[in-house]
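Take a look at the letters that make up each chain.
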Amino acid sequence: MERGLRVGGRVPVTRAEGPGARYALWLQGCSIRCPGCCNPHLFEASGGELVRPSLLLAEMASVRNEIEGLTLLGGEPMDQAEALLPLLHGARSLGLSVLLFSGFTLAELRGREEPRVRDALAAVDVLVDGRYDASRPETERLWAGSTNQRFHYFTPRYSPAIERPAPGEPLRTVEVRLGADGRLSANGWPDLSGGGMSSSHQRTGSPRPSR
Ligand code: SF4
């Protein structure tokens, strides 16, 4: 039987969660709980909704011509490494790149006993690792929330060029969309005030209703 993933939110096509247009998936539940995390509503592992990976893959396939990759954020994606595996493999089969944000460092993940964690890492193109440190806000690199976080390029699909904005491109982006139910939701950099960066390891807030 297919194992479900606890999902806190998803956006089928976004340009605010990694290079190019991407399917963004926020996993529900985080065992790390960094002070200052912008997604505390994703902490509870029992929250969100249980979704079959096959359904998520069908959604990705339906927008395949519009996206170049899958971005996994949280919450902590690696807290659900086992259930994540079919999704990662399915995304690769669709020819999508995989960008994963984890609050664990690469060394911590490689030190874990569970083979599923290593298997999940093997299906990722780029890992952005490390806890969000509110005392070290990132002000130069795209996608990272604090300066301690590191990009790890496991395949040739991307290079460190993705960390730098193109000329004229803003460092931070927010997308606001109107849902079929008439509600507005936003994802991307969560602080529109310009005062302080209440970000998290995943850099961005999950798609929360703004009204
Ligand atoms: S920043 Fe990431 S790892 Fe840290 S508490 Fe928030 S979701 Fe968890």
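Check the entry above for the structure.
This text gives an overview of the structure that appears in the document.

The rules behind each value
The residue numbering used here restarts from 1 in each chain and proceeds along that chain's sequence as written. Totals for whole chains, interfaces and linings use every residue, but because this is a predicted model, local features are given only for residues with pLDDT of at least 70 and side-chain atom pairs only at 80 or more, for both listing and counting. Runs of H or I in DSSP of at least four residues are treated as helices and runs of E of at least two as strands, each being numbered from the N terminus. Here a residue counts as buried when 20 or more other C-beta atoms fall within 10 Å of its C-beta, as exposed when 12 or fewer do, and as partly exposed in between; the C-beta atoms come from the backbone. Note that contacts rest on C-beta atoms placed from the backbone: two residues are in contact if these are within 7 Å. Put simply, a nonpolar core is buried Ala, Val, Leu, Ile, Met, Phe, Trp, Tyr and Cys residues tied into one set by C-beta atoms within 7 Å. The axes are straight lines fitted to the C-alpha atoms, using for helices just the contacting stretch, and the angles between their N-to-C directions are given from 0 to 180°. Angles below 35 degrees are treated as roughly parallel, those above 145 as roughly antiparallel, those between 65 and 115 as roughly perpendicular, and all remaining angles as oblique. Each crossing is labelled by how the near helix is turned from the far one, with a counterclockwise turn of less than a right angle marking it left-handed and a clockwise turn marking it right-handed. Side-chain classes follow a simple rule in which Ala, Val, Leu, Ile, Met, Phe, Trp, Tyr, Cys and Pro form the nonpolar group, Asp, Glu, Lys and Arg form the charged group, and the remainder, Gly included, forms the polar group. Arc definition: directions from the helix axis to the C-beta atoms. By definition, two strands form a pair when at least two bridges between them are found by DSSP. One fewer than the residue count of a helix, multiplied by 1.5 Å, yields its expected span.

1. A few points about the overall build of the chain
Right, so step 1: Each helix and strand in the chain was counted, giving four helices and ten strands.
Right, so step 2: For the chain, the N- to C-terminal ordering of α and β elements is β-β-β-α-β-α-β-α-α-β-β-β-β-β.
Right, so step 3: Considering the chain as a whole, with its 211 residues, one finds that 43% of them fall into the buried category.
Right, so step 4: Considering only contacts in the chain between residues 6 or more positions apart, those separated by 24 or more positions represent 68%.

2. Remarks on the nonpolar core
Soluble globular proteins tend to pack their nonpolar side chains together in the buried interior.
Right, so step 1: Ranked by size, the top nonpolar core spans 40 residues in total, and within it L25, L70, V98 and A120 carry the most contacts.
Right, so step 2: Contributions of two or more residues to this core are made by β1 (5-14), β2 (22-27), α1 (53-62), β4 (69-73), α2 (81-93), β5 (97-102), α4 (115-122) and β6 (126-129).
Right, so step 3: In terms of residues, this core owes the most to one element, α2, which gives six residues.
Right, so step 4: Aside from chain neighbours lying at most four places away, what touches V98 is G69, L70, L88, A91, R92, A123, V124 and D125.

3. A look at the packing of α1 against α2
Right, so step 1: Running from amino to carboxyl end, α1 crosses α2 at an angle of 25°, the nearest separation of the two axes being 9 Å. Relative to α2, α1 is oriented roughly parallel. Like other packed secondary-structure pairs, α1 and α2 cross with a definite hand, here right-handed. Contacts between α1 and α2 involve P53, L56, L57 and M60 from the former and A83, P86, L87, G90 and A91 from the latter.
Right, so step 2: Grouping the amino acids of the contact of α1 with α2 by side-chain chemistry returns eight nonpolar, one polar and no charged.

4. Quick notes on α4
Right, so step 1: For α4, the complete set of buried residues consists of V117, A120 and L121. Viewed along the axis of α4, the buried residues span an arc of 100°, placing them on a single side of the element. For α4, the exposed residues set more than 90 degrees away from the buried face come down to P115 and A122.
Right, so step 2: In this fold, the buried residues of α4 make contact with α2, α3 (106-110) and β6.

5. A closer look at the sheet that holds β2
Right, so step 1: Sheet architecture is open: seven strands sit in the order β3-β1-β2-β4-β5-β6-β7, paired in mixed fashion. Of all strands in the sheet, those bounded by a partner on one side alone are β3 (49-51) and β7 (150-153). Adjacent strand axes in the sheet meet at a mean angle of 25°, parallel and antiparallel pairs treated alike.

6. Let's talk about α2
Right, so step 1: Between its first and last C-alpha atoms α2 spans 18 Å; for 13 residues at 1.5 Å apiece the expected length is 18 Å, and the two agree.
Right, so step 2: Along α2, the residues classified as buried are A81, A83, L84, L87, L88 and A91. Burial along α2 is one-sided: seen end-on, the buried residues are contained in an arc of 145°.
Right, so step 3: Each element contacted by the buried residues of α2 is listed here: β1, α1, β4, β5 and α4.

7. Quick look at the environment of P19
Right, so step 1: Its location among the elements puts P19 in the loop between β1 and β2.
Right, so step 2: Accessibility expressed as a C-beta count within 10 Å gives 19 for P19, which makes it partly exposed.
Right, so step 3: It is 9.9 Å that separates the C-alpha atoms of P19 and S97, two residues lying 78 residues apart in sequence.
Right, so step 4: Leaving out residues up to four positions away in the same chain, P19 has contacts with Y158 and I162.

8. Structural notes on the pairing of β6
Residues in a regular strand point their side chains to alternate faces of the sheet.
Right, so step 1: Of the two faces of β6, both are covered, the one formed by V126 and V128 as well as the one formed by L127 and D129.
Right, so step 2: Of the pairings in the sheet, the one linking β5 to β6 comprises four bridges and is parallel in character. Bridge pairing in β6 links L99 to V126.
Right, so step 3: Across four bridges, the pairing between β6 and β7 is antiparallel.

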